[in-house]
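Structure at a glance
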Amino acid sequence: MNKLIYLDNAATTKTAPEVVDAMLPYFTEYYGNPSSVYDFAAETKAAVTKARHRIAEVLNAKTEEIYFTAGGSEADNWALKAAFEAYKGKGNHIITTKIEHHAILHTCEYLEKVRGAKITYLDVDENGIVRLEDLEKAITPETILISVMFANNEIGSIQPIKEIGMIAREHGILFHTDAVQAFCQLPIDVDECNIDMLSSSAHKINGPKGIGFLYIRKGVKIRSFVHGGAQERKRRAGTENVPGIVGYGVAADRAARTMEERAEKEIELRDYLISRITSEIPYVKLNGDPVKRLPNNVNVSFQFIEGESLLLMLDGCGICGSSGSACTSGSLDPSHVLLAIGLPHEIAHGSLRLSLSEETTKEELDYTVDKLKEIVQNLRNMSPLYEDFIKKQK
Amino acid sequence: MYSEKVMDHFQNPRNVGEIEDASGVGTVGNAKCGDIMRIFLDIDDETHVIKDCKFKTFGCGAAVATSSMATELVIGKTIEEAMKVTNKAVMEALDGLPPVKVHCSLLAEEAIHAALWDYAQKNHIEIEGLSKPKSDIHEDEEEIEEEY
């Protein structure tokens, strides 16, 4: 196989051709500033409204509750910092989890160290799912915000968002969810789940990079994060990224329409890949929940080998994946998510995430597993940990 | 990310394996930090020439490449000469490493020293400039904290 096998769709996806086609006129033809009064700008203003409307529909939200941002990280930062600022008179306690994206975790650390917030980081079970009783126990009269991701980006575990939303509502606590991996991959209804704020990013669903949104329920009193203009109902200054917003609208529309059919196909391929890897390669473990799992996520740990060398070898065969090893995280510690589900460091270092797309084929997965078998064996033959293990067995 | 030489030594590592009844064996690093290197030496007791050197490594691309290069650099050298194979020499031979991977070359130097230390202990000799190897290569490193 000479073509690229791209199995890193949780990192980013290919921008769909129809998304690009929809965006292009907004660079050269309809380039007017949506804030301008003349007629020429009306088309861009209408296009932004249309995209906002379509995205709101997908979430069962109101159009004016969608606030465009430069992406998921900005939305997460905004939600947490602005909610803390707005509600600190009521209390200073925030509850989140140990498996959040760094856009949440590092923002919490900032609020803790610089702004005097108290943060509770909930543990998760061995499948990477929050226990509701832990959440209930963590709530204090000072708690102003609960932030739990919809589905985890590394191990794909889907959180009990509806139940968490119910608990938050009962206690009168704001509920934010980072849905960057879940938006248009899983059905989301912000009313049914009592979600007050939700972060999302276009490039995970075949939209362009550099555009995301924060859903803010009407009545939630958080203020602007970027000052300087009246855009986004005075809550996020800056001339709108019109082509990006248009692209996001089309991508969301497209992904929402195909969600059910896509999920069905991806789940079948995902489970096929998991079953081939776990049955044909020894000393391997599936990370995350086998069922409550994103349709496109596979995450496994291979004992005795290290993730970066595995990725480089796969790259040599034209296969793109990712790993939670320290070498790929830029620190000495492996992924905080894998440690949170209780993996020992050495097993966490040998993790591999393969995330599928709507275009992934069974042939590609077969080729990947065939190569993976060879590579894992070669790396094990080179590993002193494997040598020690084999000697102990004799 | 890596130089061509690093990729070559990673994809086609030289001298992978074990030496039975090796003159000296050294293992450094730990699985917690994600890299372990084990070096096997076959040393001529008369001339103190390193006749053969093999390695096994659990680690990233740079860890494998530095192990491979280190074995090439010490084969044929005397113990005294092998003592001069520093992490800098290994890095230079590989046309450099990304800054975050410099510790891998330190690990390679430590692994050679650990194997020589084992040889010296077994034969009750002293090797000039050689001290007991550190058990953990990362013990001197500090984590860099994010600034706000």
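Preceding block: the structure.
Now for a look at the structure at hand. None of the values given here were measured: they were computed from a predicted structure.

1. A short note on the overall build of chain B
When its secondary structure is counted, chain B shows 5 helices and 3 strands. Secondary structure elements of chain B, listed N to C terminal, follow the sequence α-β-β-β-α-α-α-α. Against the globule reference of 15 Å for 148 residues, chain B gives a C-alpha radius of gyration of 15 Å, in line with a compact fold. For chain B, the C-alpha atoms occupy an extent of roughly 60 × 30 × 25 Å along the three principal directions.

2. Some details on the pairing of strand β3 (residues 93-97) of chain A
Residue and element names in this part refer to chain A. Among the 5 residues that make up β3, 5 are buried, leaving the element largely enclosed by the rest of the structure. Neither face of β3 is open: one carries His93, Ile95 and Thr97, the other Ile94 and Thr96, and all of them are buried. Pairing analysis gives 5 bridges linking β3 to strand β4 (residues 118-122), with the strands arranged parallel. The residue bridging Ile94 from the neighbouring strand is Ile119, located in β4. Taken together, β3, helix α5 (residues 102-114) and β4 constitute a β-α-β crossover, and its handedness is right-handed. Across 3 bridges, β3 lies against strand β5 (residues 143-147) in parallel orientation.

3. Describing the environment of Ile39 of chain B
Residues and elements named next belong to chain B. Tracing the chain through its elements places Ile39 in strand β2 (residues 35-43). Taking relative accessible area as the criterion, Ile39 reaches 1% and is therefore assigned buried. The sequence separation of Ile39 and Gly96 amounts to 57 residues, and the corresponding C-alpha distance is 22 Å. Each residue touching Ile39, except ones within four places of it in the same chain, is listed here: Gly24, Val25, Gly26, Cys53, Lys54, Phe55, Thr71, Ala111, Ile112 and Ala115.

Cut-offs and rules
Residues numbered from 1 in each chain as written. Chains lettered and ligands numbered in written order. Predicted model: local features only at pLDDT ≥ 70, side-chain atom pairs only at ≥ 80, totals over all residues. Heavy atoms only, no water. Helix = DSSP H or I, 4+ residues; strand = E, 2+ residues; numbered from the N terminus. Rg over C-alpha atoms; globule rule 2.2 N^0.38 Å. Buried < 20%, exposed > 50% of the residue type's maximum accessible area, 1.4 Å probe, protein only. Pairing = 2+ DSSP bridges. Right-handed = clockwise from strand over helix to strand, strands pointing away. Contact = heavy atoms within 4.5 Å.

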